[in-house]
Amino acid sequence: MIKSKITWTTLFVVLWCVLPAIAMALAAEIISGRPAVQAAFWIKDTPLPFLVSLLFSGALLLGFIGLTARPVLSIILAGAPLLVLAAINGEKFRYLSEHLYPWDLMSARQIVDLLPALIKDASIKRTLSILMIICAVSAVLFVARRFIVFRAPIAWPLRITAVLCAAIPFSVPAYNLTDEQKTNILAEFGITNYNWNQRLNHNRNGFLVSFIGNTQGAIIRAPVEYAIADLPTVLNDVLGQQNSVPQARSDNAAPPNVIVLMSEAFWDPTLLPSVTYSEDPLRFFHSLHAKQSQNYQISPAFAGATANVEFEALTGFSNAFLPYGSIPYQQYISRPVPSLASLFSSMGYETTAIHTYHGWFWRRNRVYEHFGFDKFLDIKEFRKEQTKGMYISDDALTDRIVTELAEAKKPKFIFAVSMQNHSPYAAGRYADNTIKVSGPQIGPAQRDTLETYAQGIKDADLALEALVKAVEASGKPTLILFFGDHLPFLGPDLDVYRRTAFFNPETAASNLESSIRLKRNPFVLWNNFGAPTQAGTISPAFFPTFITRAVGVEHPFYSGVLGSVMADWPVVELGLSHDRFGTVKSITEAKKDPKLKAYQWIQHDIMFGDQYSYPVLFERAHKIEAAGRSTH
């Protein structure tokens, strides 16, 4: 009789795990963004990933049954976090065309801070739908509260067994985090983790398997070459016989001020086909860019992840050598890392970072310290009345930059990040939109979005013009790099880009021009002491090369290593790396080139390794440049 009872109890536990687990795995897939019909075909065509999703869902449920012995409560404890993560993945993809990664959970504070703006931009229908779902779930929980706390008569041996069995599947991500050989256990089950192409990864493997498989990218492991190569070999691979010894400026001119201004979501909307504007929103920028018409940067981000663009522009390192979707500011910058700030500081400059938002956002307050900035001015340095729309205005940022230049007792390096034109671009954000937008492919909602966005970048353009005029009036030699961090978010599911035929995701994978459109952004490198700079199409990681060249400084890394890499690989990006001949390759294939291997070796050494290259590539340069300052 006892044996029969145990058997029936065991069967109850198994069935209670399997049936709800099927519902949970399927619901997670649908909520994460796959339509129900497509989900059915996905299960039919690729059953293995769904079975693995089912395994993890069932294990999670089994573990909670073992811990609580409350079957209904266990469904809630297991299903709620899974479905919430799936919903976040769906929303993130709608807004940013990027899926949810395990390390995104570290950005919860940033998401909560921007939530009011996102809610304000959401449609009334969508907001009401969410509220109705919350109310319905709350009502069900209230009515079923007695069933929720029901405790099944499950013996302790069976409960302990359930917990131990549930732990087995979750040992996979745990093993991924500790396995030094980077063994892919999912591959042993015939599942490929397409970490270099997350859209394909989620289409083939589904949300849950992709999310778990991506845990393997949470830990940075040294490239194979790091253990066997030495610094002379690495430098020879990247520089050849080139002389990498840095030299001080050879002329007697005063060291120029350097301003790097990254404008939030700045882009040229006149590139949208069949869309017309009542006036040019980028009148001044276009006048500058006409003299540097080839200057474009391929951003490592789209509609978000601004910190990743900063990372490249300030350090000269590349996101291509880091896990897909990672945020270096959040995850990896925990010790001093050489940057343009530390370089100019070593040359006797005052170095200042300015951002018109919270200093804790993306950990900038910590990261800028590690980069070597003398000071960081955030939103606390601005007044509430300097707000325009939702954020501190670009005019206020320009005024602060001009003030910093005027008060400086030494040459100045300023890195500034604006905030005024951050999404969403809801109608009524500004008291008066001075630019009217029209086009046959856009409706009222898209028109409102574009008019709000156009007003924001018009303000950015006017602020840039004011900055250039202030610099010209000062008479001091100054270099200004002005660029946008990424293309703007113009509606869920790439709404405006799709409607205007600017971007078609169906053809992007097979068409290079289409695939880079969402990452290609114009920039200008202006100065009042020399000729305009023609850089071509490059990654932001190569900005330091043009900055150091423009101010007349040679440097073993910024002009030496980066200059050599850029000559062969002007764009180093995960999916769009291309060489000087325009041949596009994946980063995996591109890294077979000795130069890119050496570039990755140096980056890993400085960020995660023992910094063997620091004295030769950075410390040594600082000493020589410091000695050369007396000649200016």
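This structure is a prediction, so every number in the text was calculated from the model and none was measured. (Residues numbered from 1 in each chain as written. Predicted model: local features only at pLDDT ≥ 70, side-chain atom pairs only at ≥ 80, totals over all residues. Heavy atoms only, no water.)

A count of helices and strands for the protein chain gives 27 helices and 14 strands. Residues counted as buried form 52% of the 632 residues belonging to the protein chain. Summed over all atoms, the accessible surface of the protein chain reaches about 27,800 Å², with 61% contributed by carbon and sulfur. (Helix = DSSP H or I, 4+ residues; strand = E, 2+ residues; numbered from the N terminus. Buried < 20%, exposed > 50% of the residue type's maximum accessible area, 1.4 Å probe, protein only. Areas by Shrake-Rupley, 256 points an atom, 1.4 Å probe, with all protein chains shown as cover.)

With that out of the way, let us pick up the pattern of salt bridges. If you walk through the whole model with that rule in mind, you get 16 salt bridges. Between glutamate 404 and arginine 400 there is a salt bridge, with the nearest N and O atoms lying 3.4 Å from each other. Of this pair, glutamate 404 and arginine 400 both sit in helix α18 (residues 394-407), 4 residues apart, which is roughly one turn of the helix. Classification of glutamate 404 by relative accessible area gives buried; the value is 3%. On the basis of relative accessible area, arginine 400 is assigned to the partly exposed category, the value being 21%. For lysine 595, the salt bridge is made with aspartate 568, and the minimal N-O distance between the two is 3.1 Å. Within this pair, whereas lysine 595 is found in helix α26 (residues 594-607), its partner aspartate 568 is found in helix α24 (residues 556-568), the two being separated by 27 residues in sequence. (Salt bridge = Lys/Arg side-chain N within 4 Å of Asp/Glu carboxyl O.)

Scanning all chains against the criterion turns up 30 aromatic pairs. Their ring planes at 15 degrees and their centres at 5.0 Å tell us that phenylalanine 344 and phenylalanine 413 sit as a pair that is stacked. You can see phenylalanine 344 sitting in helix α16 (residues 340-346) and its partner phenylalanine 413 sitting in strand β8 (residues 412-417), a full 69 residues away along the chain. In this pair, the class of phenylalanine 344 matches that of phenylalanine 413, namely buried. Ring pairing ties together the aromatic residues Phe344, Tyr349, Tyr368, Phe373, Phe376, Phe413 and Phe415, which thus form one cluster. Its guanidinium or amino end placed over the ring of phenylalanine 502, arginine 517 lies 5.5 Å from that ring's centre, counting from NZ or CZ. (Phe/Tyr/Trp six-rings, centres within 6.5 Å; stacked < 30°, edge-to-face > 60°. Lys NZ or Arg CZ within 6 Å of the ring centre and 35° of its normal.)

For the rest of this paragraph, the subject is the pairing of β8. Judged by how many residues are buried, β8 sits mostly within the fold: 6 of 6 residues are covered. Alternating residues of β8 divide into Lys412, Ile414 and Ala416 and Phe413, Phe415 and Val417, and every residue in both groups is buried. Note: strand β1 (residues 257-263) against β8, 5 bridges, orientation parallel. Bridge assignment links methionine 262 to a residue of β8, and that residue is valine 417. Summarising the sheet, strand β4 (residues 350-355) and β8 pair through 6 bridges and their orientation is parallel. Across the sheet, the residue bridging to threonine 352 is isoleucine 414, located in β8. (Pairing = 2+ DSSP bridges.)

Bringing the pairing of strand β11 (residues 520-527) into the picture now. With 7 of 8 residues buried, β11 lies mostly within the body of the structure. The sheet contact formed by strand β3 (residues 296-298) and β11 spans 3 bridges and is antiparallel. Paired with glutamine 297 across the strands is asparagine 521, a residue of β11. Where strand β10 (residues 478-484) and β11 come together, 5 bridges link them in antiparallel fashion. Its bridge partner lying in β11, isoleucine 480 is registered against tryptophan 526.

What follows is about the packing of helix α3 (residues 47-68) against helix α10 (residues 198-213). For the pair α3 and α10, interaxial distance at closest approach is 8 Å and the crossing angle is 40 degrees. In terms of axis orientation, α3 runs oblique to α10. Where α3 crosses over α10, the two elements pack in a sense that is left-handed. On the side of α3, the interface is formed by Pro49, Val52, Ser53, Phe56 and Ser57, while α10 contributes Arg204, Asn205, Leu208, Val209 and Ile212. For the contact of α3 with α10, the class distribution of residues is 6 nonpolar, 3 polar and 1 charged. (Axes fitted to C-alpha atoms, helices over the stretch in contact; angles between N-to-C directions. Parallel < 35°, antiparallel > 145°, perpendicular 65-115°, else oblique. Left-handed = near helix turned anticlockwise from the far one by under 90°. Contact = heavy atoms within 4.5 Å. Nonpolar A, V, L, I, M, F, W, Y, C, P; charged D, E, K, R; others polar.)

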